[in-house]
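Close look at the chain arrangement
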Amino acid sequence: MRLEKCWFCSSTVYPGHGIQFVRNDAKVFRFCRSKCHKNFKMKRNPRKVKWTKAYRCLHGKDMTQDSTFEFERKRNRPERYDRNVTEQTLKAIPLITKIRHERQKKHITNRQKQGKTKERERDAKELEQDIQMLPKKDVMLSTQKTKVVVKVSQQQTEENLMEET
């Protein structure tokens, strides 16, 4: 079963699904759905349409360079069947997908860090500007942090340990 990639959005096209367009120069374009086909006919650039994989990769929304993508790459050279290699490959697939998911999570958290820092700066600026709107007690408590020091003698802790056992 051969899984093709949509020319416009880069999603997988399963056998018996999608639309195939063949140009006069015998170049074949495969589309996963009519939405992609219509956008192609309207001569839209996939790198400028926000929902496509090309746009997301170009603007840093998705991971583009990762060693786990090397395994998914299409190879046109046929390989001789070897039982051991096939077994090792099947064992490695779950490990590779786990690594890819972890790296994607890390990529997303790194992307969101910038927004969170900007949001904190914006909140701090707003608080600075409108601090007079807060009641006086709340302002005093938030600006001054008092520390309470509690002294514990060694004898008290030893007595507590003896009582517990």
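Remember, it's a predicted structure, so these values are computed and weren't measured experimentally. (Residues numbered from 1 in each chain as written. Predicted model: local features only at pLDDT ≥ 70, side-chain atom pairs only at ≥ 80, totals over all residues. Heavy atoms only, no water.)

1. Some words on the overall build of the chain
- Each helix and strand in the chain was counted, giving 6 helices and 4 strands.
- Starting at the N terminus, the α and β elements of the chain follow one another as β-β-β-β-α-α-α-α-α-α.
- Across the 165 residues in the chain, those meeting the buried criterion constitute 14%.
- Intrachain contacts of the chain at a sequence separation of at least 6 include 41% that bridge at least 24 residues. (Helix = DSSP H or I, 4+ residues; strand = E, 2+ residues; numbered from the N terminus. Buried < 20%, exposed > 50% of the residue type's maximum accessible area, 1.4 Å probe, protein only. Contact = heavy atoms within 4.5 Å.)

2. Digging into unusual backbone geometry
- With a phi angle near 70°, Ser 10 is a residue other than glycine that sits in the positive phi range.
- Its place among the elements puts Ser 10 in the loop between strand 1 (4-5) and strand 2 (12-13).
- Residue Ala 26 is not a glycine yet carries a positive backbone phi of 70°.

3. Re the packing of aromatic side chains
- Overall, the coordinates contain 7 aromatic pairs when judged by the stated rule.
- Both rings, one in Phe 31 and one in Phe 40, keep their centres 5.0 Å apart while their planes meet at 45°; by these two values the pair is tilted. The pair formed by Phe 31 and Phe 40 is uniform in burial state, with each residue classed as buried.
- Counting every residue linked through ring pairs, the aromatic cluster contains Trp 7, Phe 21, Phe 29, Phe 31 and Phe 40.
- The ring of Phe 29 has Lys 27 lying over it, and the distance from NZ or CZ to the ring centre is 4.9 Å.
- For the cation-ring pair, Lys 35 lies above Trp 51, with the distance from its terminal atom to the ring centre recorded as 4.1 Å. (Phe/Tyr/Trp six-rings, centres within 6.5 Å; stacked < 30°, edge-to-face > 60°. Lys NZ or Arg CZ within 6 Å of the ring centre and 35° of its normal.)

4. So, the pairing of strand 4 (residues 28-31)
- The two faces of strand 4 differ: Phe 29 and Phe 31 on one face are buried, but Val 28 and Arg 30 on the other face are not.
- Relative to strand 4, strand 3 (residues 19-22) is paired through 4 bridges, and the arrangement is antiparallel. Bridge pairing links Gln 20 to Arg 30 in strand 4. (Pairing = 2+ DSSP bridges.)

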